[in-house]
Amino acid sequence: MHKRAFAIVAAGAALSCTVVAAAPSALANGPARASATPIYLNPHYQPAERAADLVSRLTLVQKAQQMNSSAAPAIPELGVAAWGWWNEAAHGVAREQTNTGANPPVLTNTTSYPVDLSLGSTWNPDLVHEEAGRISDEAREVARNNTQDLDYYSPTVNLARDPRWGRNDETWSEDPTLTGVLASQYVNGLQGQDENGRLPASAGGYLKAIATIKHFAANNSEFNRRTGSSDMDQRTLREYYTAQFRDIIKSSDPGSIMSSYNSVNGVPAAANVQLMDTLARQTFGFGGYFTSDCDAVYEIQAGHHWQPPGAPAPLDQYGRTAYANAAGEDLDCNQGYHDSYSYANTIPTAVANHITTQTDVYNEGDVDVSLVRLFTARIETGEFDAENTVPWVRDARKRLAPGTWTNTDANNAVTETADRLALDQRVADQSLVLLKNEAVAGKSLLPLKVPASGAYRVAVIGAYANPSSLYLGGYSSNQGPAGVAKEVNAYQGVKAAVQKADPDATVDYYPGVTGAKLDTVDPASVAAAKNYDVVIVVAGTDQNTADEGADRSTLALPGAQSSLISQVAAQNPHTITYLETMGQVDTGDFQSQVPALLWSSYNGQRQGSALADVLLGTANPSGRLPFTWYRSLDQLPAIGDYAIRPTATTAGRTYMYFTGDVTYPFGYGMSYSDFTYSHLRVDHGKADANDTLRVTADVTNRGSRAGDAVPQLYVATPFEPASAQRPVKRLEAFRKVTVAPHRTEHVSFTVPVSQFAFYDEAAKRYKVDPGKYELQLATSSSDVAARTSVKVGGTLLPTPAVVTAKPAQAGDAAQGIVQRVMFDRGTTIDPHLTVSTADESVYGYVTKGASVPLPQGLTTTFHSDRPQVVRVDADGTIRTVGAGVAMVTARVHYKGKTASTSFVVHVS
């Protein structure tokens, strides 16, 4: 059951392990069960309690084996099935770890939706949530037994801060706010949660799947991604590179985070205490497990050759394991780039060697903490409970009978259902960004005016317009013949739509460019272009341009595609260009020649139908750019420079800080409707730093057709001096709203003033600058429709926001032990509480040698759900008094606010 259900479960928790539960299928072929149900199989206990009971039954060798991603082996005597942790679902379920000692096999004929960057251009959180929910529906259908391998290394939430990055198509945007809002809904949908991050009653308390957000943190260049260091000040790290992770954790409670390969300020992310523990857990409130990138633990030694401060030499295979696991790296993704060592065969020796790490003397307590996190996640999916009690299993088997699925084309693409493909097309419709739509002979070229009958000639030109199978982006499933039959490319989509409108129309295809590298313009294609009423040139990129492992060195379209567009436009003034690319490309060679220009990233299996929808006006374009479209690479710092703010020699990055001219601004996109924004109001002319503002405005459609507007609310600090290095503006909120023709819709935004804060490095906390802030209602970061202001004063109250614990027992400190799950009977427990406040100050036990006294006046109370196991004395002393498991809840009271955490205690 999901951890948010803990309080509900505890209210009816059994006080013994004698309750008999239905046997899970994992035990069907196992040994005869004892008459008493063990705690780990008893759904009346909380998932963490069940996990602790299960971990207590394992040897250290077994524990270590469970901490490998590829794969955790079965433990038949306990009814534990094999579990592959490395699975993929970036834009459709695409890989499942059904093997051991290798990368996970790619799935065949599963639905492939538009990639994250296309989703980012929809600016539509509701649509993102819907797509992610469909993905995890399909994941439940194809996963082994509908119950295994349900952790997905998705989504990528690193920011698109540089157009050269080889993985920009996996990102959502360059902006942490937009990314946080959209990716939160992806996590919610994938995990089976509603848009508020809660499991609905229909989930029965179980997660549908587990989302792993990645890569934490600042992993935004491929040329050095495995061994480089992303160096920056703390303000940049907090305000930009980790802000979206913080927002996703708060909004959707992701089950997992993947640490990155790179170092951050010289410390490998896979062993970085500040990133994993201080920021993610203690400050942001992350409660799930960390997994390494594959194989980032190996790279601590092999790539970084890291020698931690105070260590006598660079770490070996045992040292890398100890430092990573002690820092909070719970799972070793042990494939990808690897040697013969992993957590499975190094943890026992590392524990025996008593390696002194940056947090403790490495010990089995560190291992137990990780194992409880991992098994808690598995229990939350319902794996260990009777299958007929888990709604996600029941629903999947209703949709697809067990045994129907096979990972070959013999499955006949059965899970690529009509409703999923319709959603694929609907998402693609909304992702298309209309960049240009100029008049030709006095009329806008788009939408196309296809006659109902008679001669009408359309040419579709370009190598990417009519491939034998579509390029769907990285981390896609394979499409065999049955899957390819359900794809619609640009030529197929345009031809079907035009001829549906006019059965007499002619729609022809020409390759446009030839050669393996598309480096030669086909003169016959150019010559033919002049004979058509309209020409659609489709140009693009694919994995040969850049991908995971390779950045771009140029933004030019591959081969001769730019020349093709120019030559065709010279032949026919009615030329439309569609760019389906991994991000921005250089349009300078043809920008002024083509009257109509559209862009999307890799747009799914029905991309051709979506293109036709927008070209013919069936869909009114509503996509908006989720990144800044720079004029030239010459405007940008080196890709390995992780600074964001401008310097004496650089113009900065992103719409927030970039000081140069752009081709298209962040948030830009045209429509077939004519929208105006008016009556911008804020409910307070003055506000305190702790207040929440309500901002309202009107959106009017002056056009003759319904359309979707995307009003964007930005905040600026015109009162600040240049020395403060504040951004030009920041996106604070946005809406996607459908407006009927000649109608007005009233929109509102709720904005906490605390979001205006900046990180103060000297004070180590966020502060809201006092002054008169400008609120801008805009159609893009550069196109402001209305302005108002609010005067802000006061300081953020340090009310408690996040509480965490690292419980240890009496005598542990002398041995260098700082956390454990397994406790002796008759001992006292030091909870080692950490408290993070609303301004992200951190107090209490932070890490070894870095404790900060709790604020004066802060009080703490403790409660045990099983006093016969763990008792809390009147003076607050926590004691272990009997065998079993218990959850201890710590509640912190300060400045009129309360925050809490719970930790599990197993007493032998």
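Everything numeric in this text was worked out from a predicted model, so none of it was measured.

**Student:** Could you clarify how one ought to interpret the state of the cysteines in this entry?
**Tutor:** Put plainly, two cysteines are in a disulfide when a covalent bond ties their sulfur atoms together. Using the criterion set out here, one finds 1 disulfide in the structure. In this model Cys294 forms its disulfide with Cys333; the gap between the sulfur atoms is 1.8 Å. The chirality of the disulfide connecting Cys294 with Cys333 is right-handed, given an S-S dihedral of about 80 degrees. A residue pair is termed long-range when its members are at least 10 positions apart, and Cys294 in the loop between strand E7 (289-292) and helix H10 (296-302) and Cys333 in the loop between helix H11 (317-327) and helix H12 (343-352) qualify at 39 residues. As far as burial versus exposure is concerned, Cys294 and Cys333 are alike and both buried.

**Student:** It is not clear to me how the sheet that holds strand E6 (residues 267-268) should be interpreted in this structure. Could you clarify?
**Tutor:** The pairing of strands in a sheet comes from backbone hydrogen bonds and takes either a parallel or an antiparallel form. Judged by pairing direction, the sheet is mixed, and its 3 strands sit side by side in the order E3-E5-E6 without closing on themselves. The sheet is open, and its two borders are formed by strand E3 (229-230) and E6, each paired with just one other strand. Of the strand pairs in this sheet, E3 and strand E5 (residues 263-264) are connected by 2 bridges, and their pairing is parallel. Bridge pairing in E5 links Ser229 to Ser263.

**Student:** Sorry, what's going on with the pairing of strand E30 (residues 771-778) here?
**Tutor:** Consecutive residues of a regular strand have side chains that alternate between opposite faces of the sheet. Across the 8 residues of E30, 6 count as buried, placing the element largely inside the fold. Bridge count for strand E24 (residues 712-716) against E30 is 5 bridges, and the pairing is antiparallel. Among the inter-strand pairings, Leu713 is bridged to a residue of E30, identified as Leu777. Bridge count between E30 and strand E31 (residues 784-793): 8 bridges; the pairing is antiparallel. Paired with Gln776 across the strands is Arg787, a residue of E31. Linking two consecutive strands that pair antiparallel, namely E30 and E31, is a turn of 5 residues.

**Student:** Explain unusual backbone geometry here, please?
**Tutor:** Generally, phi is negative for residues other than glycine and the peptide bonds are trans, each holding for most cases. With an omega of 0 degrees, the peptide bond running from Lys214 to His215 counts as cis. With respect to the element layout, His215 can be found in strand E2 (residues 210-216). Note the cis peptide between Phe216 and Ala217, where omega equals 15 degrees. The topology assignment puts Ala217 in the loop between E2 and E3. Even without glycine at this site, His305 takes up a positive phi of about 50 degrees. Taking relative accessible area as the criterion, His305 reaches 52% and is therefore assigned exposed. For His354, which is not glycine, the phi dihedral falls at a positive 50 degrees. Assignment of secondary structure puts His354 in the loop between H12 and helix H13 (364-380).

**Student:** Mind showing me how you'd approach the sheet that holds strand E1 (residues 151-152) here?
**Tutor:** Spatial strand order, E1-E2-E4-E7: 4 strands in an open sheet with parallel pairing. Looking along the sheet, the strands with just one partner apiece sit at the ends: E1 and E7. Examined bridge by bridge, strand E4 (residues 256-259) and E7 share 4 bridges and lie parallel to one another. Bridging from a neighbouring strand, Met258 pairs with Thr291 of E7. Taken strand by strand, helix H6 (residues 176-191) contacts E1 and E2, and its axis lies near 150 degrees from that of E2.

Procedures and definitions
Residues numbered from 1 in each chain as written. Predicted model: local features only at pLDDT ≥ 70, side-chain atom pairs only at ≥ 80, totals over all residues. Heavy atoms only, no water. Disulfide = S-S within 2.5 Å. Helix = DSSP H or I, 4+ residues; strand = E, 2+ residues; numbered from the N terminus. Buried < 20%, exposed > 50% of the residue type's maximum accessible area, 1.4 Å probe, protein only. Pairing = 2+ DSSP bridges. Contact = heavy atoms within 4.5 Å. Axes fitted to C-alpha atoms, helices over the stretch in contact; angles between N-to-C directions.

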